[in-house]
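Coordinate inspection notes
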Amino acid sequence: MPEPVQVIWGTEDDIFSMKDQELVRKKLSRCNATFIPMEGASHNGFWDSLRSCRAYAEQILRFTQGERYFTGKS
């Protein structure tokens, strides 16, 4: 089983288009990948706001602790 990969991108990313994002999905289709859209976030969504930064940090922390995807709902 391949190592897990987490891809987080903002839904308002103005650098990587949806076409680019679909290409990334296709290229990583054989990986153990989880794709997480961050609603309203830009390309560097962790810089958008403190709230956005916390959301990114939480996703990364949970991923490194073995959780595949966190919806934000407890």
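Reference entry: report on the structure contained in this document.

1. A closer look at the packing of aromatic side chains
We describe a pair of aromatic rings using the distance from one ring centre to the other and the angle between the two ring planes. Tallied over the entire structure, the rule returns 3 aromatic pairs. An angle of 80° between the planes, with centres 5.9 Å apart, marks the rings of Phe-46 and Tyr-56 as edge-to-face. With a gap of 10 residues between them, Phe-46 in the loop between β2 (32-38) and α2 (50-64) and Tyr-56 in helix α2 connect regions that are remote in the sequence. What links up through ring pairs into an aromatic cluster is the set Phe-46, Trp-47 and Tyr-56.

2. Overview of the environment of Phe-46
A relative accessible area of 35% means that Phe-46 is categorised as partly exposed. Spatially, the C-alpha atoms of Phe-46 and Ala-57 are 8.1 Å apart, while their sequence positions differ by 11 residues. Residues in contact with Phe-46, not counting those within four places in the same chain, are Ser-52, Cys-53 and Tyr-56.

3. As for the pattern of salt bridges
A complete count under the given rule lists 2 salt bridges for this structure. With a closest N to O distance of 3.0 Å, Arg-62 and Glu-58 form a salt bridge. Residue Arg-62 and its partner Glu-58 are located together in helix α2, separated by 4 residues, close to a single helical turn. On the accessibility criterion, Arg-62 (22% relative accessible area) is partly exposed. Among the residues examined, Glu-58 registers a relative accessible area of 33% and is labelled partly exposed.

4. Digging into α2
A rise of 1.5 Å per residue sets the reference length of α2, with its 15 residues, at 21 Å; its end C-alpha atoms lie 21 Å apart and thus fit the reference within 8%. Of all the residues in α2, the buried ones are Ser-52, Tyr-56, Gln-59 and Phe-63. Buried residues in α2, looked at end-on, bunch into an arc of 60°, giving them a common side. Across α2 from its buried face, at more than 90 degrees, point the exposed residues Leu-50, Arg-51, Arg-54 and Thr-64. Phi for Gly-66, located one or two positions after α2, is positive at around 105°.

Scoring rules and cut-offs
- Note that residues are indexed from 1 along each chain, following the sequence as it is written.
- Local features are withheld for residues below a pLDDT of 70 in this predicted model, meaning they are given only at 70 or higher, and side-chain atom pairs are given and counted only at 80 or more; totals for whole chains, interfaces and linings count all residues.
- With hydrogens and water set aside, each side-chain value is computed from the structure's full complement of heavy atoms.
- Planes of paired rings set the category: under 30 degrees apart is stacked, over 60 is edge-to-face and the rest tilted, where pairs are Phe, Tyr or Trp rings (Trp by its six-membered ring) whose centres lie within 6.5 Å.
- Per the convention used, a helix needs a DSSP run of H or I reaching at least four residues, while a strand needs a run of E reaching at least two, with both numbered from the N terminus.
- Buried residues are those whose accessible area, probed at 1.4 Å on protein chains only, stays under 20% of the maximum for their type, while exposed residues exceed 50% and partly exposed ones sit between those limits.
- Contacts between residues were defined by any pair of non-hydrogen atoms, one from each residue, lying within 4.5 Å.
- One speaks of a salt bridge when a side-chain nitrogen belonging to Lys or Arg is within 4 Å of a carboxyl oxygen belonging to Asp or Glu.
- One fewer than the residue count of a helix, multiplied by 1.5 Å, yields its expected span.
- In this description, one arc is meant: the one made by directions from the helix axis to the C-beta atoms.

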